[in-house]
Amino acid sequence: EAAVTQSPRNKVAVTGGKVTLSCNQTNNHNNMYWYRQDTGHGLRLIHYSYGAGSTEKGDIPDGYKASRPSQENFSLILELATPSQTSVYFCASGPGQPNERLFFGHGTKLSVL
Amino acid sequence: GDKVKQSPSALSLQEGTNSALRCNFSIAATTVQWFLQNPRGSLINLFYLVPGTKENGRLKSAFDSKESYSTLHIRDAQLEDSGTYFCAAEDNTGKLTFGDGTVLTVKP
């Protein structure tokens with residue numbers, strides 16, 4: 001089974017502060033993704049990456065940056081956190097085409113006060 | 001979401017009964033994935049589908065790309081099947097779009 005590990009599991013941040021969410025996968029998958037999930041909704045794509053050094057904008061990238069320094073690690077960065085970014089964030093990895101089956105981490109619950 | 005519509009939004013089942021969840025797409029979906037988010041919040045990948053059907057134990061899923069829908073059938077529902085089921089459709093750019101989920105409650 002694919003292993004995707006997120007840290008931290010929970011985070012409380014102050015408005016205007018910088019937040020970094022980390023994700024590590026040990027499956028040698030090319031693709032990695034960051035989603036957010038808000039109450040009563042599905043997942044929305046923030047940023048994704050096709051491999052080390054690559055980052056691409058998803059559907060809701062505003063207010064977020066991403067970094068993929070290696071095949072294994074993909075970070076989501078909130079330079080100036082706002083209360084509207086309070087959410088649960090999920091990282092996922094996938095092997096890439098032609099079989100992009102995704103495996104998710106356990107999620108990070110972020111509260112911005 | 002608008003591009004991937006799941007129905008019903010919520011469902012309550014008696015243990016041991018059968019049901020079906022549905023996903024309709026307004027995008028040209030090339031593949032479909034079904035996930036279960038359990039009460040702890042973890043997302044478990046149930047199926048990855050190209051057009052056709054797959055079966056795994058009490059679960060069976062079908063994807064019809066021409067008619068733009070997918071179904072997930074649950075047979076002999078068990079308490080541990082409770083959770084939120086999400087479908088996600090992949091378009092020809094490789095991007096995955098999620099539906100808003102079906103909340104399933106299985107009662108003894």
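Cut-offs applied
Residues numbered from 1 in each chain as written. Chains lettered and ligands numbered in written order. Predicted model: local features only at pLDDT ≥ 70, side-chain atom pairs only at ≥ 80, totals over all residues. Heavy atoms only, no water. Helix = DSSP H or I, 4+ residues; strand = E, 2+ residues; numbered from the N terminus. Rg over C-alpha atoms; globule rule 2.2 N^0.38 Å. Buried < 20%, exposed > 50% of the residue type's maximum accessible area, 1.4 Å probe, protein only. Contact = heavy atoms within 4.5 Å. Areas by Shrake-Rupley, 256 points an atom, 1.4 Å probe, with all protein chains shown as cover. Core = buried A, V, L, I, M, F, W, Y, C linked by side-chain atoms within 4.5 Å. Disulfide = S-S within 2.5 Å. Salt bridge = Lys/Arg side-chain N within 4 Å of Asp/Glu carboxyl O.

A look at the overall build of chain B
Secondary structure assignment for chain B yields zero helices and eleven strands. Ordered by position from N to C terminus, the α and β elements of chain B give β-β-β-β-β-β-β-β-β-β-β. Relative to its length of 108 residues, chain B is compact, with a C-alpha radius of gyration of 13 Å against a globular reference of 13 Å. In terms of its C-alpha atoms, chain B occupies a principal-axis envelope of roughly 45 × 25 × 20 Å. Across the 108 residues that make up chain B, the buried fraction comes to 49%. If you take every contact in chain B between residues at least 6 apart in sequence, the share linking residues at least 24 apart comes to 53%. Carbon and sulfur atoms make up 50% of the accessible area of chain B, which totals about 5,100 Å².

Notes on the overall build of chain A
The helix and strand tally for chain A stands at zero helices and eleven strands. Shown N-terminal to C-terminal, the secondary structure of chain A runs as helices and strands in the order β-β-β-β-β-β-β-β-β-β-β. The globule rule puts the C-alpha radius of gyration for 113 residues at 13 Å, and the 13 Å found for chain A is close to it. In terms of its C-alpha atoms, chain A occupies a principal-axis envelope of roughly 40 × 30 × 25 Å. Of the roughly 5,300 Å² of accessible surface on chain A, a fraction of 51% belongs to carbon and sulfur atoms.

Details of the nonpolar core
Core analysis: the largest hydrophobic core is formed by 23 residues, its most contacted members being Phe25, Trp34, Leu46, Phe47, Leu72 and Tyr85 of chain B. At the level of elements, strand 3 (19–25), strand 4 (31–37), strand 5 (43–49), strand 7 (59–64), strand 8 (69–74), strand 9 (83–90) and strand 11 (102–107) of chain B are the ones that each hand at least two residues to this core. Every residue in contact with phenylalanine 47 of chain B, bar those within four places of it in the chain, is listed here: Val32, Gln33, Trp34, Lys54, Glu55, Asn56, Leu59, Lys60, Ser61 and Leu72 of chain B. Grouped together as the second largest cluster of nonpolar side chains are 19 residues, Val4, Ile46, Phe74 and Leu78 of chain A included.

A few points about the state of the cysteines
Taken as a whole, this structure holds two disulfides over all chains when the rule is applied. Through a disulfide, cysteine 23 of chain A is tied to cysteine 91 of chain A; the S-S separation comes to 1.9 Å. Here cysteine 23 of chain A and cysteine 91 of chain A share a disulfide; its torsion about the S-S bond, -80°, makes the bridge left-handed. Residue cysteine 23 of chain A is found in strand 3 (residues 19–25), and its partner cysteine 91 of chain A is found in strand 9 (residues 87–94); the two are separated by 68 residues along the sequence. For the pair shown, cysteine 23 of chain A and cysteine 91 of chain A are each scored as buried. The residue that forms a disulfide with cysteine 23 of chain B is cysteine 87 of chain B, at a sulfur-sulfur distance of 1.5 Å. Of this pair, cysteine 23 of chain B sits in strand 3 while cysteine 87 of chain B sits in strand 9, and the two are 64 residues apart along the sequence.

Looking at the pattern of salt bridges
By the definition in use, this model includes four salt bridges over all chains. The closest approach of N and O atoms between arginine 44 of chain A and aspartate 38 of chain A, which form a salt bridge, is 2.6 Å. Relative accessible area serves as the criterion here: at 40%, arginine 44 of chain A is assigned to the partly exposed category. With a shortest N-O distance of 2.7 Å, aspartate 81 of chain B and arginine 58 of chain B are connected by a salt bridge. Remark: arginine 58 of chain B occurs in the loop between strand 6 (52–56) and strand 7 and aspartate 81 of chain B occurs in the loop between strand 8 and strand 9; sequence separation between them is 23 residues.

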